[in-house]
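# Topology and contacts: notes
This is what each chain is made of:
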Amino acid sequence: MAVNCRVYDLNKMSAAVIICVSLTIAHTAGAEEMQDVESPVAPLFSGFVYGQFAQREINHALNADNGAGVPVQTAELAGAIDMRYSSLWLRTRLTAERKYIPTKRQNTADEANKFAADIPQVSWKYIFSDQTSFTIGRLNLTLDDGQSFHAIDILEDGIRGSDFEDRAGKFVGFPMVNITYANALSAYRLIYSDDTISSYSYEYGGTNPGFNRGFRQWVATGRKSIDQLTATAVLQYIEAGNPGGGVALSYVPTAAWSFYVAGFANRGNPYPVHKNVYLNRGDQLGAADVYIYQSPVQPWLAHDGQIRARGLAGATFTTEANTTWVMELWRDNRGMNSDQFQIWKNVVKFHDNLTNQSARGINLGYDMESLRIAHGTHIFLRMSMSVVHDIDIQPSLMATRDGSGILNARWTQHVATTWEYWVETWLRFGDKYSQYGASPERVGVQFNARWFF
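Small disclaimer: the values here were computed from a predicted structure and weren't measured.

This next bit is on the environment of T324. One can find T324 in strand β15 (residues 324–332). Judged by its relative accessible area of 24%, T324 falls in the partly exposed class. In the structure, T324 is positioned 68 residues away from A256 in sequence and 8.9 Å away in space, judged by C-alpha atoms. In this structure, T324 is in contact with F317, T318, R382, M383 and S384, ignoring residues within four places of it in sequence. Here T318 takes part through its side chain, which lies 3.2 Å from a polar atom of the side chain of T324.

Have a look at this one:
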């Protein structure tokens, strides 16, 4: 797992704190629907201290001089403090991080030390009646049941990766106003989110590359439960953008089984796409296809007007021994389709054979930007089980259309009720020009610890 670190200057951070405390919101989709508790006499504080050390092996095949800026070593120490007082809830996060990034690129330090402070999640909730409430603040909303992929990811900070639980407390909410009407069987929301006030810096391996950040949007959701079936409908309108819509269904026939599907579609492609792919130029390449001063990878198709959909189908099964199996199949039509991916591979092969090593390194670095987000068809398998008391293992596999993918395994030790530690390792596999085989990071291992207070 690569580490995401957001850095703010003091003025922007102070403005964000003032706005967030005066406007503010909750932690995850379920946070705003937690049952109310009686107001305490004094604020309640809780949280955790998180530490991590990661070691990675760089894949130099298409990553000359580590142009992608992959950190070989990363160390992080973070503290997340939660405060709850009556209807107010907020999380502050302080981070100290050190990276070692071997590279020969100019203006890139081999070692980087960073300190950051933020209020990533915060909420204030006002109850109008037993069924109607008003929430304001910063919030992430999870609108479908996927693990490896969320088809309805319009209000999420964590889009990909293995840390679905946000164990490091990194996910940053979207500033929004949320009006909810809910009862035992249904819930309806009207949301206005203005993320233009937020400022983010994304580096290699960051949680969210920002394609769904930085704009204003209206979102309406409705959820209805009938016996074991729950259906959710979502409508999105982006100011100065395109509307979109989606649905999610979940069915729980028994305590052991769960089935779920989700889909969403809107116009445009926010993912970064290579200029050659945009121009449909993958043959007879020459000097015009060598880029030096400006990256050819941009969201060229963001406003092309074409409808693009993404979908998910998944199932989970839990045995009597409390072992859980997860299988998911998903497809994301943002990014490159199969024909466009072939054009991209032709361009990469052309750049890989450039005789000028400086031009080769620069252009291969540009090419890798097109793979910053996973897209296309994927299958995901995961098993979670307890091997002995307080020790869990969790192997998983993600594979995509060209036979490449990621193997991941996590070993977790729970120590009493106050702290835990885990070791996570991953391997990206595939041929040199495949979606995951081309990744500038091939193998990694990470050591983590978390202490609760």
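All right, on to a nonpolar patch on the surface then. A contiguous nonpolar surface patch, about 690 Å² in accessible area, is contributed by F45, V49, L77, I81, W419, W451 and F453. Listed by contribution, the elements that provide at least two residues to the nonpolar patch are β1 (44–58) and β2 (73–85). Mapped onto the elements, I81 comes out in strand β2.

A word on the environment of D118. As for its position among the elements, D118 is in strand β4 (residues 111–127). On the basis of relative accessibility, which here comes to 14%, the residue D118 falls in the buried class. Residues D118 and L94 lie 24 residues apart in sequence; the distance between their C-alpha atoms is 6.8 Å. Of note is the side chain of D118, whose polar atom sits 3.5 Å from the side chain of R138.

Another aspect to go through is the confidence of the model for the protein. Predicted confidence across the protein gives a mean pLDDT of 87, with 87% of residues reaching 70 or more. Contacts of residues 1–39 to residues separated by more than four positions or lying in other chains number 104 contacts, the stretch itself having pLDDT below 50.

Time to look at the packing of aromatic side chains. This structure, assessed with the given rule, holds 13 aromatic pairs. Summarising the aromatic geometry, the rings of Y50 and W422 are spaced 6.2 Å apart at their centres and angled 35 degrees between planes, so their arrangement reads as tilted. In this pair, Y50 is assigned in strand β1 and W422 in strand β19 (residues 419–429), connecting sequence segments 372 residues apart. Here Y50 and W422 have matching classes, each one buried. Between W257 and F259 the ring centres are 5.4 Å apart and the planes differ by 0 degrees, which places this aromatic pair in the stacked class. Residue classification places W257 among the partly exposed residues on the basis of a relative accessible area of 36%. For F259, a relative accessible area of 36% puts it in the partly exposed group. A connected cluster of aromatic rings, assembled from ring pairs, spans W124, Y126 and F128.

Membership of the largest hydrophobic core comes to 24 residues, with the highest contact counts inside it found for L141, I152, I154, L155, M176 and V234. Listed by contribution, the elements that provide at least two residues to this core are β6 (174–182), β11 (257–267) and β15. Counting residues per element, this core draws most heavily on β11, which supplies three residues. Counting 16 residues, the second largest nonpolar core, distinct from the first, contains L301, F341, L364 and A438.

Moving on, we get to the side chain of T412. Residue position: T412 is located in strand β18 (residues 405–415). Owing to a relative accessible area of 3%, T412 belongs among the buried residues under this scheme. Not counting residues up to four positions away in its chain, the partners in contact with T412 are R167, D390, I391, D392, E420, Y421 and W422.

In this section: the pattern of salt bridges. In the structure shown here, the tally under the stated rule is 19 salt bridges. Between R308 and D304 there is a salt bridge, and its shortest N-O distance comes to 2.8 Å. Overall, the relative accessible area of 10% leaves R308 in the buried class. The salt bridge partner of E420 is R450, with a shortest N-O separation of 2.6 Å. You can see E420 sitting in strand β19 and its partner R450 sitting in strand β20 (residues 441–452), a full 30 residues away along the chain. With respect to burial, E420 and R450 carry one shared label: buried. Linked by salt bridges that have partners in common, D153, R310, D332 and R334 make up one network.

Let us now look at the pairing of β4. Note on strand geometry: in a regular strand, side chains alternate between the two faces of the sheet. Relative to β4, strand β3 (residues 88–100) runs antiparallel, the two being bridged by twelve bridges. Counterpart to W89 in the pairing with β4 is S123. As paired strands, β4 and strand β5 (residues 132–139) are joined by six bridges and run antiparallel to one another. Looking across to β5, one finds that V122 is bridged to R138. Taken together, β4 and the strand that follows it, β5, pair antiparallel across an intervening segment of four residues.

We now examine helix α4 (residues 357–368). Over its twelve residues, α4 runs 17 Å from end to end, which matches the ideal 16 Å to within 8%, given 1.5 Å per residue. Those residues of α4 that sit buried are A359, R360, G361, N363, L364, Y366, D367 and M368. Considering only its buried residues, α4 is in contact with β12 (273–274), β13 (297–298) and α3 (338–352). For α4, the capping residue at the N-terminal end is N356, with a side-chain oxygen 3.0 Å from the backbone nitrogen of S358.

In this section: α3. With 15 residues, α3 ought to run about 21 Å at 1.5 Å a step, and its terminal C-alpha atoms sit 21 Å apart, in line with that. When α3 is considered as a whole, its buried residues turn out to be Q340, F341, I343, W344, K345, V347, V348, H351 and D352. Residues of α3 that are buried in the fold lie against β12, α2 (275–278) and α4.

Reading the values: the criteria
Residues numbered from 1 in each chain as written. Predicted model: local features only at pLDDT ≥ 70, side-chain atom pairs only at ≥ 80, totals over all residues. Heavy atoms only, no water. Helix = DSSP H or I, 4+ residues; strand = E, 2+ residues; numbered from the N terminus. Buried < 20%, exposed > 50% of the residue type's maximum accessible area, 1.4 Å probe, protein only. Contact = heavy atoms within 4.5 Å. Polar contact = N/O pair within 3.5 Å; in protein donor to acceptor, adjacent residues only side chain to side chain. Patch = residues over 30% accessible without salt bridge, like charges linked within 9 Å, V, L, I, M, F, W, Y side chains within 5 Å. Areas by Shrake-Rupley, 256 points an atom, 1.4 Å probe, with all protein chains shown as cover. Salt bridge = Lys/Arg side-chain N within 4 Å of Asp/Glu carboxyl O. pLDDT = per-residue confidence, 0-100. Phe/Tyr/Trp six-rings, centres within 6.5 Å; stacked < 30°, edge-to-face > 60°. Core = buried A, V, L, I, M, F, W, Y, C linked by side-chain atoms within 4.5 Å. Pairing = 2+ DSSP bridges. Expected span 1.5 Å × (residues − 1).

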